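Residue strings, one per chain:
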Amino acid sequence: MTRQPDTRETTSTATSRPDLDMAVLYVCAERSKLTPTLAADRAEAEGHEFAEARGLTITEVVTDPYGEPDPCHREGWTRVRELAESGAVGVVIVRWPACIAPEPSHELRHREISWLQDRGVQVRYSWEPLATGGGEVK
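Residues numbered from 1 in each chain as written. Predicted model: local features only at pLDDT ≥ 70, side-chain atom pairs only at ≥ 80, totals over all residues. Heavy atoms only, no water.

**Q** Before we go on, may I ask you to explain the pairing of strand E4 (residues 122-125) in this structure?
**A** Along any regular strand, the residues point their side chains to alternate faces of the sheet. Side chains Val-123 and Tyr-125 of E4 all project onto a buried face; the interleaved residues Gln-122 and Arg-124 project onto a face where none is buried. With four bridges joining them, strand E3 (residues 91-94) and E4 adopt parallel strand pairing. From the neighbouring strand, Val-91 faces E4, where its bridge partner is Gln-122. Note that the unit made of E3, helix H3 (residues 106-118) and E4 has a crossover that is right-handed. (Buried < 20%, exposed > 50% of the residue type's maximum accessible area, 1.4 Å probe, protein only. Helix = DSSP H or I, 4+ residues; strand = E, 2+ residues; numbered from the N terminus. Pairing = 2+ DSSP bridges. Right-handed = clockwise from strand over helix to strand, strands pointing away.)

In structure tokens, the structure reads:
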């Protein structure tokens, strides 16, 4: 007798706790007309320095163009959520809170941070004033 594969669709969150040494670096920076990649380049370099100083391994660098206020409407942020959901990362590194959602849309930022925290994933800010003070994570 041959057993048929189970084709029922299942939805589940990560079954194991995320590895808090594995991180995704998320870069979403406004582009300048004179130096269009400068802000993103700085954010990426700063994120790598932040991770190295704290013994974190960046498994992936995810970028998005700046402008869309709702992170869930950005392809890159969707990838960050996938990594968090799967348990592949335990830390999301961003330069500052506005990378997740701009200040006028701060409620979207808090929604996303809560969503990540519910999955055991930390949000860490690489910009020095926030990195040392623990930042705004709510």
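**Q** Please clarify how the pattern of salt bridges should be interpreted in this entry.
**A** Side chains bearing opposite charge may pair, as long as their charged atoms lie close to each other. With the rule as written, the count across this model stands at eight salt bridges. Put simply, Arg-95 and Glu-46 hold a salt bridge, and the shortest N to O gap is 2.8 Å. With Arg-95 in the loop between E3 and H3 and Glu-46 in helix H1 (residues 38-53), this residue pair connects regions lying 49 residues apart in the sequence. In this structure, Arg-95 and Glu-46 share a single accessibility class: buried. (Salt bridge = Lys/Arg side-chain N within 4 Å of Asp/Glu carboxyl O.)

**Q** For this particular structure, what's the right way to read the environment of Pro-104?
**A** Of note, Pro-104 is situated in the loop between E3 and H3. By relative accessible area, Pro-104 is classed as exposed at 73%. Each C-alpha atom of the pair Pro-104 and Pro-69 lies 8.5 Å from the other, and the pair is 35 residues apart in sequence.

**Q** Is there a simple way to explain the sheet that holds strand E2 (residues 57-65) in this structure?
**A** In a beta sheet, neighbouring strands pair by backbone hydrogen bonds and run either parallel or antiparallel. Read across the sheet, four strands follow the order E2-E1-E3-E4 without closing on themselves; strand pairing throughout is parallel. The open sheet has two edge strands with one neighbour each: E2 and E4. Each neighbouring strand pair of the sheet contributes to a mean axis angle of 25 degrees, computed without reference to strand direction. As judged from the three bridges shared by strand E1 (residues 22-29) and E3, these two strands associate in the parallel manner. Its bridge partner lying in E3, Val-24 is registered against Val-92. This element, H1, spans E1, E2, E3 and E4 of the sheet and lies at about 160 degrees to E1. (Axes fitted to C-alpha atoms, helices over the stretch in contact; angles between N-to-C directions. Contact = heavy atoms within 4.5 Å.)

**Q** Can you walk me through the packing of aromatic side chains in this structure?
**A** Centre-to-centre distance and the angle between the planes together describe a pair of aromatic rings. In this structure the tally under the stated criterion is two aromatic pairs. Between Tyr-26 and Trp-77 the ring centres are 4.9 Å apart and the planes differ by 75 degrees, which places this aromatic pair in the edge-to-face class. In this pair, Tyr-26 sits in strand E1 while Trp-77 sits in helix H2 (residues 75-86), placing the two residues 51 residues apart along the sequence. Across the pair, exposure class does not vary: Tyr-26 and Trp-77 are buried alike. If you follow Arg-81 out to its NZ or CZ, it ends over the ring of Trp-115, 3.9 Å from the centre. (Phe/Tyr/Trp six-rings, centres within 6.5 Å; stacked < 30°, edge-to-face > 60°. Lys NZ or Arg CZ within 6 Å of the ring centre and 35° of its normal.)

**Q** Teacher, can you tell me more about H3 here?
**A** Along an α-helix, a turn takes 3.6 residues, which lines up residues three or four apart on a common side. In a regular helix each residue adds 1.5 Å, so 13 residues correspond to 18 Å; H3 covers 18 Å between its end C-alpha atoms and thus fits that length. Remark: Gly-120 follows H3 within two positions and exhibits a positive phi of approximately 80 degrees. (Expected span 1.5 Å × (residues − 1).)

**Q** Looking at this structure, I do not really get the nonpolar core. What am I missing?
**A** Side chains of nonpolar character tend, in soluble globular proteins, to be buried together. Among the nonpolar cores identified, the biggest contains 20 residues, and Tyr-26, Val-92, Val-94 and Leu-116 are the most heavily contacted of them. If you list the elements that add at least two residues to this core, you get E1, H2, E3, H3 and E4. Top element by residues in this core is H2. It accounts for four residues. Look past the residues within four positions of Leu-116 in its chain and what remains in contact with it is Trp-77, Ala-84, Val-92, Val-121 and Val-123. In this structure, Leu-25, Ala-43, Phe-50 and Val-91 belong to the second largest nonpolar core, which totals 11 residues. (Core = buried A, V, L, I, M, F, W, Y, C linked by side-chain atoms within 4.5 Å.)

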